[in-house]
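# Descriptive structure summary
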Amino acid sequence: MRKSDLRQLTLVFADSPQGGESAEAVDGSTTEAASLHIANVNSRSETRSTETGLLTDLLDKVASLEMLEAALAQVARNQGAPGVDRQSVDDVVAHAATILPALSKALLTGCYEPGAIRRVWIPKPGGGRRGLGIPNVVDRVVQQATLQILEPIFEPTFHASSHGFRPGRSCHTAIEEASNYVTKEQRRYLVDIDLKSFFDRVNHQRLLARLGQRVSDRRLLRLIGQMLTAEIVLPEGVRTPGTEGVPQGGPLSPLLSNIVLDELDWELERRGLCFVRYADDCNIYVRSERAGQRVMDSVRRFLQRRLRLAVNEEKSAVARPWQRHFLGFRIGGTRKGRPVIQLSQRTLDRLDDRLNELTRRNAGRSLETIIGDVNSYLRGWMGFFYPCTWEVLRTLKYFDGHIRRRLRAVVIRHKKRPRHLFRHLLKLGVPRAPAAKTAFSRRGTWWQSRSHGLHLGYGLARFAKLGLLSLETLWQERNARSRVAEGSA
């Protein structure tokens, strides 16, 4: 927006009541109506130019109140941190009745200008930091509305082997396709291509040119260009211009990244290569190491010369599939063609670190609270990694035992004194001799946690009574449900 419009929106926001009974909220029925409006927009044929056949008048749909209300509802469901202006999602939702009409008018008149993007750094599992860009909540609403218009246009044109950030596709569908290449087609070599700082290196001109192949509404293209070039505010307060890249963190960035890399997908298809791509992780499956080296060299040239993207040479390689990390898994197969899907070493390290953090002895929490936190994490973790085959059971059993041992160490720490631990074990029915040997040992807490006396007091039955979940049991239950669902289908 222009500065005057920005001040006007700020004043409207400031004059509105902050919370309380007088605060205005988004009407739930309005949100439902907006959702139905989206379905109607998607089902209708888009307005096309009679001369070019390209999609026109899309900004009018983005700026409609119904679309903005639906976009705000989705942003509210996603929540997220405030941007540079420090306005939270709840604040914008509470004053949507005044903010959205002004925002719609600003979009239609061309006065809207995106605010600066707040840059935050998060650690990467493999080392280093990943930069996330957090737009203001109002800007996230505009990005979400733009996504709701553009996604039905571009989604049908994407390659079937692209699985990242797409409706009906996920990491699991990517792993399934990759497993088929390794086992059924016997492609036992992998060209693992890792793009160096992909989201920070996307060329804006090429991206807008790709968008312009299907969208002729110059107003919408200008709006997207403004989003791409918004200022970035670093944690130390320094402002830098957005000259290239697609900041991760906004609703629109996943779609834009797929539009950029869709050109790579169809180039690989043209060459007759079997591949799986999830966002900027691309694996190409071949039958020999020599073929893998040829593919690596040619694809590297294509990325550098055509897409102007750099390959991370340290993380890219030609290797066996079971030697590489792909979305947290290692993929292999037996000679008879049965898939073998196990956890990567990086995943195991992250699981171990997280469990150690949840079961710290000096956390000052009760055993029941710790078990509740562990159970919550194990459910979510297994919800992602359940596609592993039965070979993973040995690893899961090890971690189940490791969790129980750390919880026994928590019990020892809670009792503080040997005599208190001794009396506690006696109450649990542990004989005096093993209870005394455990409680009065001077070998340290970690040794005591695996002693016979503590195993008698806190065995499998005791932890089951406390409600502790087992990774092995969760895997068996989840895969049993999957087999039942496949059988019924």
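Up top you'll find the structure we're talking about.
## A closer look at the pattern of salt bridges
Enumeration according to the criterion identifies 18 salt bridges in this entry. As a salt-bridge pair, Glu263 and Arg306 come within 3.1 Å of each other at their nearest N and O atoms. A residue pair is termed long-range when its members are at least 10 positions apart, and Glu263 in helix α12 (residues 253–270) and Arg306 in the loop between α13 (289–305) and β8 (317–319) qualify at 43 residues. Of the charged contacts, one joins Arg300 and Glu313 as a salt bridge, the two residues approaching to 2.9 Å between their closest N and O atoms. Of this pair, Arg300 sits in helix α13 while Glu313 sits in the loop between α13 and β8, placing them 13 residues apart in sequence. Connected through shared salt-bridge partners, Asp60, Asp217 and Arg219 make up one network.

## Some details on the environment of Arg308
Mapped onto the elements of the fold, Arg308 is located in the loop between α13 and β8. Overall, the relative accessible area of 49% leaves Arg308 in the partly exposed class. The spacing of Arg308 and Val202 is 106 residues in sequence and 7.8 Å in space, taken between C-alpha atoms.

## Some remarks on the side chain of His163
Relative to the helices and strands, His163 is located in the loop between α7 (137–154) and α8 (171–183). Relative accessible area serves as the criterion here: at 3%, His163 is assigned to the buried category. Within polar-contact distance, the side chain of His163 engages the side chain of Thr173 at 2.8 Å. There is a polar contact of 2.6 Å between the side chain of His163 and the side chain of Glu177. Here His163 is in contact with Arg169, Ser170, Thr173, Ala174, Glu177, Val276, Arg277 and Tyr278, once residues within four sequence places are set aside.

## A word on the sheet that holds strand β2 (residues 129–134)
Across the sheet, which stays open at both edges, the 4 strands sit in the order β2-β1-β4-β5 with mixed pairing between neighbours. Sheet topology places β2 and β5 (239–240) at the edges, where each strand pairs with a single neighbour. In terms of strand pairing, strand β1 (residues 117–123) meets β2 through 6 bridges, oriented antiparallel. Paired with Ile122 across the bridge in β2 is Arg130.

## Remarks on the side chain of Thr389
Following the sequence through the fold, Thr389 ends up in the loop between α15 (367–385) and α16 (393–415). Side-chain polar atoms of Thr389 contact the side chain of Glu391, separated by 2.7 Å. Setting aside its immediate chain neighbours within four residues, Thr389 contacts Arg338, Pro339, Val340, Ile341 and Trp475.

## Observations regarding unusual backbone geometry
In this model, Phe165 sits at a positive phi of 55°, which is unusual for a non-glycine residue. When you line up the elements, Phe165 lands in the loop between α7 and α8. For Phe165, a relative accessible area of 43% translates into the label partly exposed. Phi at Ser197 takes a positive value of approximately 45°, unusual for a residue other than glycine. On the secondary structure map, Ser197 appears in the loop between β3 (189–194) and α9 (198–201).

## So, helix α17 (residues 418–427)
For α17, the complete set of buried residues consists of Leu421, Phe422, His424 and Leu425. All buried residues of α17 fall inside an arc of 165° around its axis, so they share one side. On its buried face, α17 is in contact with α16, α18 (432–439), α19 (445–448) and α20 (452–457). Positive backbone phi, at 90°, marks Gly429, one or two positions downstream of α17.

## With respect to the pairing of β3
The two faces of a sheet get side chains in turn, since along a regular strand they alternate between them. β3 sits mainly inside the fold: 6 of its 6 residues count as buried. With burial as the criterion, each face of β3 is covered, one bearing Tyr189, Val191 and Ile193 and the other bearing Leu190, Asp192 and Asp194. With 6 bridges joining them, β3 and strand β7 (residues 281–286) adopt antiparallel strand pairing. Across the sheet, residue Asp194 finds its bridge partner in β7, namely Asp281. Two elements, β3 and β8, share 3 bridges in a ladder whose sense is antiparallel. Its bridge partner lying in β8, Asp192 is registered against Ala317.

## Details of the packing of α15 against α16
Following both chains from N to C, one finds α15 and α16 inclined at 165°, their axes separated by 11 Å at the closest point. As judged from the angle between their axes, α15 and α16 are roughly antiparallel. Seen from above, α15 lies across α16 with right-handed handedness. Two secondary-structure elements touch here, α15 through Leu367, Ile370, Ile371, Val374, Leu378, Trp381 and Met382 and α16 through Leu396, Ile403, Leu407, Val410, Val411 and His414. The residue inventory of the contact of α15 with α16, partitioned by class, reads 12 nonpolar, 1 polar and no charged.

## Re a positive patch on the surface
A surface patch of like charges, here positive, comprises Lys416, Arg417, Arg419, Arg423 and Lys427. By the element assignment, Lys416 lies in the loop between α16 and α17. On the basis of relative accessibility, which here comes to 73%, the residue Lys416 falls in the exposed class.

## So, the sheet that holds strand β6 (residues 274–278)
Read from one edge to the other, the open sheet built from 4 strands follows the order β6-β7-β3-β8, with strand pairing classed as antiparallel. Every other strand in the sheet has two partners, leaving β6 and β8 as the edge strands with one partner each. Within the sheet, the average angular offset between the axes of one strand and its neighbour, ignoring direction, is 20°. Packed on one face of the sheet, α13 meets β3, β7 and β8 and runs near 20° to β3.

## A short note on α18
Two residues of an α-helix separated by three or four positions point the same way, owing to the 3.6 residues in each turn. If you check which residues of α18 are buried, you get Pro434, Ala435, Thr438 and Ala439. Buried residues of α18, seen end-on, are gathered within an arc of 125° and therefore sit on one face of the element. Turned more than 90 degrees from where α18 packs its buried face, Arg432, Ala433 and Lys437 sit exposed.

Rules behind the numbers
- Residues numbered from 1 in each chain as written.
- Predicted model: local features only at pLDDT ≥ 70, side-chain atom pairs only at ≥ 80, totals over all residues.
- Heavy atoms only, no water.
- Salt bridge = Lys/Arg side-chain N within 4 Å of Asp/Glu carboxyl O.
- Helix = DSSP H or I, 4+ residues; strand = E, 2+ residues; numbered from the N terminus.
- Buried < 20%, exposed > 50% of the residue type's maximum accessible area, 1.4 Å probe, protein only.
- Polar contact = N/O pair within 3.5 Å; in protein donor to acceptor, adjacent residues only side chain to side chain.
- Contact = heavy atoms within 4.5 Å.
- Pairing = 2+ DSSP bridges.
- Arc of directions from axis to C-beta.
- Axes fitted to C-alpha atoms, helices over the stretch in contact; angles between N-to-C directions.
- Parallel < 35°, antiparallel > 145°, perpendicular 65-115°, else oblique.
- Left-handed = near helix turned anticlockwise from the far one by under 90°.
- Nonpolar A, V, L, I, M, F, W, Y, C, P; charged D, E, K, R; others polar.
- Patch = residues over 30% accessible without salt bridge, like charges linked within 9 Å, V, L, I, M, F, W, Y side chains within 5 Å.
- Areas by Shrake-Rupley, 256 points an atom, 1.4 Å probe, with all protein chains shown as cover.
- Lys, Arg positive; Asp, Glu negative; His and termini not counted.
- Charge placed at Lys NZ, Arg CZ, Asp CG, Glu CD.

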